[in-house]
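As a plain string of letters, each chain reads:
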Amino acid sequence: MRIFDPHIHMTSRTTDDYERMAAAGVRAVVEPAFWLGQPRTGAGSFADYFDSLVGWEPFRAAQFGIRHHATIALNPKEANDPRCREALKLVPRYLDKDSVVAVGEIGYDAMTPEEDEVFAAQLELAVDHELPALVHTPHRDKARGVERTLAVVRASGIGPGRVVVDHLNEVTVGAVQDAGCWMGFSIYPDTKMSPSRMVEILRERGLERMLVNSAADWGRSDPLLTLRTGEAMLAAGFSDDDVDRVLWRNPVEFYGQSGRLDLSETAAGEATFEGSSILRGGS
Amino acid sequence: MDPGTLRTALAPSPGVGWLDDGVARVSADPASIIRLFAAAGRHCGRAPLPGAPGWTADQAARVLLLGALPAGDLARHVDDLYRHGDAAEKLAVLKALPLLPIGDAAAPLLHDAVRTNDTRLVAAALGPYAVHLDQAAWRQAVLKCVFMGIPLAVVHGLAGRADAELAAMAEGLRDEREAAGRRFPDDALALLRQST
Ligand SMILES: [Zn+2]
């Protein structure tokens with residue numbers, strides 16, 4: 001089973017995770033820029049974070065033969081803090097980087113006027129930079145959040161096929177499917193979505209435009225739940241080809257719209273000389 | 001290496017027309033280098049250049065873009081492109097430094113590069129431009145190579161610059177490795193023998 005995790009926050013994960021992911025068949029990841037557990041206090045903090053997403057983290061992933069790409073954006077929660085708002089000015093420069101394959105995570109957290117503004121501005125950036133967009137949906141008041149999200153996407157003029165609306169569930173998937181956007185599902189140990197519920201959704205709605213991710217981050221989460229979902233699909237009678245479509249070809253198709261996906265082999269230690277400081281225990 | 005050789009080596013590359021346009025644009029409007037520099041790999045590719053051993057197409061293209069900047073403002077642009085670059089852009093800046101008329105103005109970038117844990121950046125910081133690293137920083141960087149498993153062949157002018165202090169530092173590392181039953185690289189052993 002080859003796995004492309006289209007949404008995972010590796011910054012918050014350890015090298016042990018990379019090792020387990022590689023062993024489980026994960027060969028490529030997309031890491032969206034988002035909030036950390038600790039709120040940031042200024043644009044400089046975002047610059048360091050974005051630098052890490054296009055610098056250190058791809059290097060770290062390559063040690064384990066995993067291709068790392070990123071999406072860049074000012075997230076909705078911190079868009080509400082005037083001190084962080086300045087980070088919006090940093091975003092365009094990062095959208096030009098080779099490994100940046102979408103604008104994201106954008107969308108709503110508490111659906112404030114500030115979020116409206118920053119969401120629309122960043123959809124415009126996606127259009128200008130000819131990049132797809134990764135849209136987060138709020139955890140609270142989700143159904144109305146998704147409705148409002150889809151309205152903003154429609155108004156922006158970006159093609160629905162260039163947008164993934166993420167963290168969906170049984171209640172919210174229908175509207176997104178009808179809108180023609182890609183549907184993202186974050187498989188979590190006990191909240192958002194489970195492998196067995198995911199299999200039911202795939203049975204009901206088909207495999208087209210479906211993206212399954214672990215969204216693993218600093219909270220309780222598991223980077224191998226993509227694999228578990230693939231296993232649950234097989235157990236439910238889906239074919240190997242079906243699993244490959246959902247866990248590999250779909251994310252390749254979606255992010256491939258950026259023209260920037262690089263899935264060439266990371267030869268063992270390509271980014272290193274005879275192994276690396278990470279594999280050898282740090283310097 | 002020199003920019004002329006890099007341009008010749010790039011001639012068969014599909015992106016060479018894009019690059020020539022880009023060089024002209026940077027000459028006319030230096031600020032345009034920001035987006036062009038980031039996009040160089042997508043247009044010129046990232047494959048090793050047979051005509052320029054040790055260089056890839058994106059690195060060579062970036063050197064030629066840097067060469068089109070006005071001399072009076074070169075240091076500021078180079079600093080900005082490095083500081084806002086992804087790993088490939090940073091690497092290209094470091095490799096370009098000895099080919100640019102920039103004096104010692106970019107020495108702070110070497111200090112940044114050797115502080116990283118990216119073996120490619122550490123290695124690139126120890127090229128010919130490392131003459132602008134002070135001896136103490138240079139020794140630390142060489143020892144870091146041994147520590148990180150970077151072959152010492154990447155260090156420009158190693159034999160001429162290695163001194164007794166570097167040998168003493170390497171000897172300390174060898175003793176620790178021996179005590180731990182871990183291998184000490186042959187090229188570092190050779191350095192010890194030469195300096196003691
Ligand atoms: Zn996320």
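Residues numbered from 1 in each chain as written. Chains lettered and ligands numbered in written order. Predicted model: local features only at pLDDT ≥ 70, side-chain atom pairs only at ≥ 80, totals over all residues. Heavy atoms only, no water.

Chemist: Sorry if this is basic, but what is going on with the sheet that holds strand 2 (residues 26–32) of chain A here?
Modeler: Note on sheets: strands pair through backbone hydrogen bonds, and any given pair is parallel or antiparallel. Residue and element names in this part refer to chain A. Spatial ordering of the open sheet is given by 1-2-3-4-5-6-7-8, a layout of eight strands whose pairing is parallel. Two strands close off the open sheet at either side, each with one partner strand: strand 1 (3–5) and strand 8 (210–213). Geometrically, the sheet is characterised by an average inter-axis angle of 25 degrees between neighbouring strands, direction not taken into account. As paired elements, strand 7 (residues 182–186) and strand 8 share four bridges and run parallel to each other. Directly across from Met183, in strand 8, lies its bridge partner Met210. Contacting strand 4 (100–107) and strand 5 (133–136), helix 7 (residues 113–128) runs over the sheet at an angle of about 165 degrees to strand 4. (Pairing = 2+ DSSP bridges. Helix = DSSP H or I, 4+ residues; strand = E, 2+ residues; numbered from the N terminus. Axes fitted to C-alpha atoms, helices over the stretch in contact; angles between N-to-C directions. Contact = heavy atoms within 4.5 Å.)

Chemist: Before we go on, may I ask you to explain the side chain of Asp109 of chain A in this structure?
Modeler: Here Asp109 of chain A lies in the loop between strand 4 and helix 7. Apart from the residues lying within four places of it in its own chain, the contact partners of Asp109 of chain A are Trp35, Pro76, Lys77, Glu115, Pro138 and Arg140 of chain A.

Chemist: What should I look at first to understand helix 6 (residues 87–96) of chain B in this one?
Modeler: Because the α-helix completes a turn every 3.6 residues, residues three or four places apart line up on one side. Counting buried positions over the ten residues of helix 6 of chain B gives nine, a clear majority of the element. Three or more residues of helix 6 of chain B are buried, namely Ala87, Glu89, Lys90, Leu91, Ala92, Val93, Leu94, Lys95 and Ala96 of chain B. Each element contacted by the buried residues of helix 6 of chain B is listed here: helix 2 (43–54) of chain A together with helix 3 (33–44), helix 4 (57–67), helix 5 (74–83), helix 7 (107–115) and helix 8 (119–125) of chain B. For helix 6 of chain B, the N-terminal cap is Asp86 of chain B; the gap from its side-chain oxygen to the backbone nitrogen of Ala88 of chain B is 3.1 Å. (Buried < 20%, exposed > 50% of the residue type's maximum accessible area, 1.4 Å probe, protein only. Polar contact = N/O pair within 3.5 Å; in protein donor to acceptor, adjacent residues only side chain to side chain.)

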